[in-house]
Structure formats: structure tokens, C-alpha cells
Amino acid sequence: MRSALGLMLASVVTAIVIAGVWFWTSSPRADAAPPQTTAAAKADPLPAAAKQAARDDVETTAALSKRADATQAAAPAVTPAPAPAPVAAAPKCANPDALGISRTVVVDTNGGPGFGFLQYKQYDFLTDKEVVLTFDDGPWPTTPAVLKALADECTKAVFFPIGLHTTYHPDILRQVAAAGHTIGAHTWSHAHLASKKLTEQQAKDEIEKGFSAVKLALGANPAPFFRFPALAHTPATTAYLGTRNIAMFSVDVDSNDFKSKSADEVINNVMTKLDKEHKGIILMHDLQKHTAQALPTLLRKLKAGGYKVVWMKAKTQLETLPEYDAMMAKTEKPIATGRPIGNVVQTVAE
């Protein structure tokens, strides 16, 4: 009886032990429970620019993912586009008190607009005390002196060279271009295009040959800017320039330098007329020695008088006509020695 009771008690103990082991090994443990999470603090709102950048990033990524899913293939590595070449900074002006350029305007020459109130009154774009510097009839041995005066004052002008003169002095015209000025044209031979002796075709030839000669000298297309010799236009020539989208230039202030007997007279002519007009396109000639002599002082007087230079550029360059380019390429060019006429021909007695 006692043995049977002991055996029963041992069986109960064994069962309890087995149950305990099973409970310990099968139940989840506290240290194995998932970690408790804490809500993250609300992020500060992104600035607008960052939001746009983030949205752009998401859109780009989504597009790439869709493309990858569609192809079900890894896209090849894309080589990034090379960075654009750095643009050379414009040279700084060495003259702290230079006349400089107050503003630059870009001209859309579509339809052949006209500038200069002596003849064309549609576009009044200059404000009080603003001037545009323009020079006709070059290139000539006097032109480098004009370029130096402009460079000393860190300012820019528009040049209207004669085609024939560019064949004499292409190197000088290239100096004008290298200095960064705007270059148009002024006919092939300075012909009077309103003359009854010229046919419409001959007038057209004068215009186109002039532009093609400039292109030949520069190795680049000129600006679609044109000035009539003696400002003599006709309905036919102005209409033709309109079809070619070439802007026409007249004048507001005429220096009359081709009539002047001294540099002082050139300066007086310009300043007196400016005092009356208060602004405008100034007509000068880089071919005239008195203009070259007058220009340094004239530019200083413009500065002292509160005048500011507006530089005119073209929106697009002129596409010259191939037949005239070919004609100019065949033109026999005089040999230019570069020697001033005074060094070649001298008066020894009168």
C-alpha cells in the first residue's frame, strides 16, 4: 500500500516537471516580444523650392522604375553630360571713370525697322540723355585711333563699313570685330541709291555686295544693319531691305565731320546739337581724321554732360546671298601696304 502510494506520488511529480519544462520552452518570452515603437516627431515643412525638387526627384524615379519594369532588364549606366565650357568673363574696364555702356539693346530686324528720327520716327527707344555712337565709311587707317578712343572709355559703337574699303583694309575691319563692336554695311561703293542713273537691280547689287564684302573680310556674317549713303533711300530700296529683314539707320545728331576743319569743330557740332535734341543716334565717320582726333575729348564731354551710351546689337546675323558671296570671292583685291597716304605722296612745293 505504502509502495503504491509512493509510486503514485513520484508519477505526479514527474508529470509536473515535464509540464514545467514544456511551458518554459514553448511560451513566448518577454525579451523576445516585438519592440515597442514611439511616434516620430512631425517634420518641419519643406520650403517651396525643396518641395519642387523633391517632387521632381520622385517623378524622375517613377519614370525610371516604370521603364525598368517594362523592359525587365537592368538599364545600362548613363554617362552624365559634360558640363558646359565656362564662359570667359568680359574684360574689366581699366578706367574707373569711363563713359562705358549704360545699356545694351537687341534689335529684332524682322521686316526692316528704321531708326533715327531724321527719317524714321516709329521706334523711339532712347530716353533722355541716351546716345548711340555710329561710324560710317571705314575701315580706314584712321579707324584704329577711333577704336582706341572707344576702348579707353570702355564703350561700344555700330560701324557701317563700305564694301570696297573692306577689300583695302580687311585687317582693320577685323580689329573692329575683335573689339566687340557691331558691324553692318554701307553699300559696296558708297553709291547714291536714290540716283536716277541706278536701276533697282544695281541698287540691290550695291546693298548685297556691301554685305558680302564685309562677310568675306570677317569670315562671319555681319549684322543686318544698313545705312544709306547720304541717307538717300527710295521706296524700292526700303522695301527691298524689308524683304531681307535688314534694319535701316538714319540719324538724330549729325557731326558733319566730313565738312569740319578741325577736331574742335566736330566736338562743337555734336555737343551743340545734343543740347537741343537731348538724345539720339550720332553719325560720325571713322574715315575722317578730325573725328579720330576729336573722339577722346568728345567722349569725355559726353560723360561730363551726363550722357549715356546705348549699344545696339542684332538679334540674329544676316545670311548673305551665295551669288554675291561668290562674286566677292572673285573680286580682285588691291594690294594694301598699310602706309598712310602722307608717307607715299608728299607735297614738296606749291
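Being a predicted model, the structure only gives us computed values, none of them experimental.

**Digging into the overall build of the protein chain**
Link 1 in the chain: From N to C terminus, the protein chain includes 11 helices and 10 strands.
Link 2 in the chain: Among the 350 residues that make up the protein chain, the fraction classed as buried is 37%.
Link 3 in the chain: Of the contacts made within the protein chain by residues no fewer than 6 positions apart, 79% connect residues no fewer than 24 positions apart.
Link 4 in the chain: Counting every atom, the protein chain has about 21,300 Å² of accessible surface; 60% of that belongs to carbon and sulfur.

**Quick word on unusual backbone geometry**
Link 1 in the chain: Between Gly138 and the following residue, Pro139, the backbone shows a cis peptide bond with an omega angle of -10°.
Link 2 in the chain: Looking at the element boundaries, Pro139 is found in the loop between strand E3 (130-136) and helix H3 (143-152).
Link 3 in the chain: The phi dihedral of Thr187 is positive, around 75°, even though this residue is not glycine.
Link 4 in the chain: Along the chain, Thr187 turns up in the loop between strand E5 (182-183) and helix H6 (200-218).
Link 5 in the chain: Under the relative-accessibility criterion, Thr187 is labelled buried at 0%.
Link 6 in the chain: Backbone geometry places Leu231, a non-glycine residue, at a positive phi of 60°.
Link 7 in the chain: Positionally, Leu231 belongs in the loop between strand E6 (225-226) and helix H7 (235-243).

**A look at the state of the cysteines**
Link 1 in the chain: Under the definition given, this model contains 1 disulfide.
Link 2 in the chain: Between the sulfur atoms of Cys93 and its disulfide partner Cys154 the distance amounts to 1.9 Å. Every disulfide takes its handedness from the sign of the S-S torsion; for Cys93 and Cys154 that torsion is 85°, giving right-handed. One end of the pair, Cys93, is in the loop between helix H2 (48-71) and strand E1 (103-107); the other, Cys154, is in the loop between H3 and strand E4 (158-160), and 61 residues separate them in sequence.

**Focus on the confidence of the model for the protein chain**
Link 1 in the chain: When pLDDT is averaged along the protein chain, the result is 81; 69% of the residues meet or exceed 70.
Link 2 in the chain: Predicted confidence is poor over residues 17-88, with pLDDT under 50, and the contacts of this stretch with residues over four places away or in other chains come to 2 contacts.

**A short note on the pairing of E3**
Link 1 in the chain: Counting buried residues in E3 gives 7 out of 7 residues, a clear majority hidden from the surface.
Link 2 in the chain: Because side chains alternate across E3, one face comprises the buried residues Glu130, Val132, Thr134 and Asp136, and the other comprises Val131, Leu133 and Phe135, equally buried.
Link 3 in the chain: Bridging between E3 and strand E10 (residues 308-314) involves 2 bridges; their strand directions are parallel. Within the sheet, the bridge partner assigned to Val131 lies in E10 and is Val309.
Link 4 in the chain: By the bridge criterion, 3 bridges tie E3 to E4 in an arrangement that is parallel. Pairing of Thr134 across the sheet is with Val158, part of E4.

**Remarks on the sheet that holds E6**
Link 1 in the chain: The strand order across the open sheet built from 3 strands is E2-E7-E6, with neighbouring strands paired in parallel fashion. Because the sheet does not close on itself, it has two edges, and the strands there are strand E2 (114-115) and E6.
Link 2 in the chain: Across 2 bridges, the pairing between E2 and strand E7 (residues 247-249) is parallel. The residue of E7 that forms the bridge with Gly114 is Met248.

**Let's talk about the packing of helix H5 (residues 170-178) against H6**
Link 1 in the chain: The N-to-C vectors of H5 and H6 enclose an angle of 80°; their axes lie 9 Å apart at closest approach. Relative to H6, H5 is oriented roughly perpendicular. In contact with Pro170, Leu173, Arg174 and Ala177 of H5, H6 contributes Val214, Ala217 and Leu218.
Link 2 in the chain: Considered class by class, the residues forming the contact of H5 with H6 number 6 nonpolar, no polar and 1 charged.

**Examining the packing of H3 against H5**
Link 1 in the chain: Contact geometry for H3 and H5: axes closest at 10 Å, N-to-C directions at 10°. Taken together, the axis directions place H3 and H5 in an arrangement best described as roughly parallel. For the pair H3 and H5, contact is made by Thr143, Pro144 and Leu147 and by Ile172, Gln175 and Val176, respectively.
Link 2 in the chain: Split by residue class, the contact of H3 with H5 holds 4 nonpolar, 2 polar and no charged.

**Considerations on the nonpolar core**
Link 1 in the chain: In terms of nonpolar packing, the biggest core is built from 48 residues, with Leu133, Phe135, Leu150, Leu274 and Leu295 touching the most fellow members.
Link 2 in the chain: Mapped onto this core, the elements with two or more residues apiece are E3, H3, H5, H6, H7, helix H8 (263-277), strand E9 (280-285) and helix H9 (289-304).
Link 3 in the chain: With sequence-adjacent residues up to four places away left out, Leu274 is seen in contact with Val131, Val253, Lys279, Ile282, Leu302 and Tyr307.
Link 4 in the chain: Membership of the second largest hydrophobic core comes to 15 residues, among which are Phe115, Val132, Val158 and Ala247.

**Considering the pattern of salt bridges**
Link 1 in the chain: Per the counting criterion, the structure on display carries 10 salt bridges.
Link 2 in the chain: One salt bridge in this structure joins Arg103 and Glu130, with 2.7 Å as the shortest N-O distance. With Arg103 in strand E1 and Glu130 in strand E3, this residue pair connects regions lying 27 residues apart in the sequence.
Link 3 in the chain: Using a relative accessible area of 29% as the deciding quantity, one classes Arg103 as partly exposed.

Calculation criteria
Residues numbered from 1 in each chain as written. Predicted model: local features only at pLDDT ≥ 70, side-chain atom pairs only at ≥ 80, totals over all residues. Heavy atoms only, no water. Helix = DSSP H or I, 4+ residues; strand = E, 2+ residues; numbered from the N terminus. Buried < 20%, exposed > 50% of the residue type's maximum accessible area, 1.4 Å probe, protein only. Contact = heavy atoms within 4.5 Å. Areas by Shrake-Rupley, 256 points an atom, 1.4 Å probe, with all protein chains shown as cover. Disulfide = S-S within 2.5 Å. pLDDT = per-residue confidence, 0-100. Pairing = 2+ DSSP bridges. Axes fitted to C-alpha atoms, helices over the stretch in contact; angles between N-to-C directions. Parallel < 35°, antiparallel > 145°, perpendicular 65-115°, else oblique. Nonpolar A, V, L, I, M, F, W, Y, C, P; charged D, E, K, R; others polar. Core = buried A, V, L, I, M, F, W, Y, C linked by side-chain atoms within 4.5 Å. Salt bridge = Lys/Arg side-chain N within 4 Å of Asp/Glu carboxyl O.

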